[in-house]
Amino acid sequence: MHEREPQDSMKVVGEFGRAPQGSKAIKRTSAGVLALLLIGVMLFLPTNFMIRSPGPVFNTLGKDEDNGKDVISIEGDKTYPSQSELDLLTIYVQGGGQNRVTIPVVLEALLNPAKDVVPEETIISRNTSTQQQNEQNDQMMTSSQDLAIAAALTELGYDFKTWLTVADFSSDANSKSLEKGDRLLKYNGKEIVSLDELKKSLNANGEKPAELTVGRKDKQGNYKEVVVPVTTGEADGERQLGIYLSTEHKFPIDVQFGLQNVGGPSAGMMFALGIIDRLTEGSLAGNHHVAGTGEISAEGNVGPIGGIAQKMVAAKNAGATIFLAPADNCNEVVGRVPEGLNVLKISTLSQARTALTKIADGESPADFSTCE
């Protein structure tokens, strides 16, 4: 009997010996559950990424289906019908501001070849709310429409008046002399014809006080010439008035845009081409379906935009066979062109107009400069 006690004793010890193993298993299970909970929480934490995807397409020669209005309407001159389709393109942007996207949404976008994931700061400035960003996009759209009219009318040889105006103040230097909305007319008696010429005059005058002749609205809304004293400060090696400038135009015709709920500056070139097509007899691109994108300057220079890969997808899906791409976006175009879409590299409005005219006359889109 006594010889069995050690065995019984060992058995008892063995039973107690399994208890610590069970405790470890419970700990491991708890740790696993906790890890899963943490992963679950992390998956739904907001990220600092934004996602671009293809958005709606609008024919500048057609109507906005949401409100039934012509995308471009013109009064004050004769207009002509067109068989061409000149699409402006948009993108959807998710995330940023108060609408941050979660990790699962980012992962899905990474696996979708039609979407791009980009850091938030590449699209919106830090500490910018969603509402502020929307307001900025609306302002840029309004500006792009104004510049598109200027570029189109310049291309067609129309005469119109342009002024640099005071949009806001970057310092208090001349805030008591100037007012928002003032038109800059003369600097020290010399007519202001461009921003570049004004900069040259400011630098040449240096620190010396000067006189600025401005056009200022009176209570009846009429502009009167007023001469005010101004000073300049130095910034980035140049003399500056401490003001933010905008451009105001007085056009000989009235151009209205019926597009709603679209912001940003990237429709400028296509707006300009649509205006040109409306004001010239015939169809600018013949019966071709053209899409494109690009900022426009009043002089007709075409600038780069964001989301061009998504815009090419949108163009292809809408049935376009020709895509006008800003030359400075070519590095983003290569390797991402949808099959069957001819991409033309464009630097100026005049270049785009000439290319479409030649294509309408029978030349192959493949014969023009591309990003490849």
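Refer to the structure printed above.
Throughout, a residue's number is its position along its own chain's written sequence, starting from 1. The predicted nature of this model means local features are confined to residues of pLDDT at least 70 and side-chain atom pairs, given and counted, to a pLDDT of 80 or more, with totals for whole chains, interfaces and linings taken over all residues. To obtain the side-chain values, all non-hydrogen atoms of the structure were used and water was disregarded.

### Some points on unusual backbone geometry
Test applied: The helix and strand labels rest on DSSP assignments: H or I over at least four residues marks a helix, E over at least two residues marks a strand, and numbering proceeds from the N terminus. Type-normalised accessible area, obtained with a 1.4 Å probe on protein chains alone, sets the label of each residue: buried when under 20%, exposed when over 50%, and partly exposed for intermediate values.
Phi is positive for D236, which is not a glycine, with a value near 55 degrees. Assignment of secondary structure puts D236 in the loop between β12 (233-235) and β13 (238-240). Given a relative accessible area of 80%, D236 falls into the exposed group. Backbone geometry at N261 places phi at a positive 60 degrees, although glycine is not the residue there. Here N261 shows up in the loop between β15 (254-257) and α5 (268-279).

### Focus on the packing of aromatic side chains
Let me state the cut-off plainly: Pairs were defined over the aromatic rings of Phe, Tyr and Trp, the Trp ring being its six-membered one, requiring ring centres within 6.5 Å. Orientation was assigned from the angle between planes: stacked under 30 degrees, edge-to-face over 60, tilted for the rest. Comment: the charge-over-ring label is applied if NZ (Lys) or CZ (Arg) is within 6 Å of the ring centre and within 35 degrees of the ring normal.
Scanning the model with the defined rule gives two aromatic pairs in all. One Lys or Arg, R183, reaches over the ring of W163 and ends 3.7 Å from the middle of that ring. R183 extends its terminal NZ or CZ atom over the ring of Y223, reaching a point 3.5 Å from the ring centre.

### Examining the packing of helix α3 (residues 130-156) against helix α8 (residues 349-360)
Formally: In this analysis an axis means a line fitted to C-alpha atoms, helices contributing only their contacting stretch, and an angle means the value between N-to-C directions, from 0 to 180 degrees. By definition, turning the near helix anticlockwise from the far helix through less than a right angle yields a left-handed crossing, and turning it clockwise yields a right-handed one. Should any heavy atoms of two residues lie within 4.5 Å, those residues are counted as being in contact. By the convention adopted, Pro, Cys, Tyr, Trp, Phe, Met, Ile, Leu, Val and Ala count as nonpolar, Lys, Arg, Asp and Glu as charged, and the other residues, Gly among them, as polar.
Viewed as axis vectors pointing N to C, α3 and α8 meet at an angle of 65 degrees, and their least axial separation amounts to 10 Å. Remark: the crossing between α3 and α8 carries right-handed chirality. Two secondary-structure elements touch here, α3 through A151, A152, E155 and L156 and α8 through L349, S350 and R353. Looking at the contact of α3 with α8 residue by residue, the classes come out as four nonpolar, one polar and two charged.

### Describing a nonpolar patch on the surface
The condition that has to hold: Note that patches include only residues with greater than 30% relative accessible area and no salt bridge, and the join distances are 9 Å for like charges and 5 Å for nonpolar side chains (Val, Leu, Ile, Met, Phe, Trp, Tyr). Each accessible area is a Shrake-Rupley result for a 1.4 Å probe, and residues are judged covered by the shown protein chains and nothing else. One side-chain nitrogen of Lys or Arg within 4 Å of one carboxyl oxygen of Asp or Glu is enough to make a salt bridge.
On the surface, L107, L110 and L111 cluster together to form a nonpolar patch covering roughly 350 Å² of accessible area. Within the fold, L111 resides in the loop between α2 (103-110) and β6 (116-119). When its relative accessible area of 74% is taken as the criterion, L111 is described as exposed.

### Quick word on the pairing of strand β5 (residues 85-94)
Basically, it comes down to this: A strand pair is defined by DSSP finding two or more bridges across the two strands.
Summarising the sheet, strand β1 (residues 49-59) and β5 pair through seven bridges and their orientation is antiparallel. Bridge pairing in β5 links V57 to L89. Of the pairings in the sheet, the one linking β5 to strand β16 (residues 289-292) comprises four bridges and is parallel in character. Residue L86 lies in a different strand from β16, and its bridge partner there is V290.

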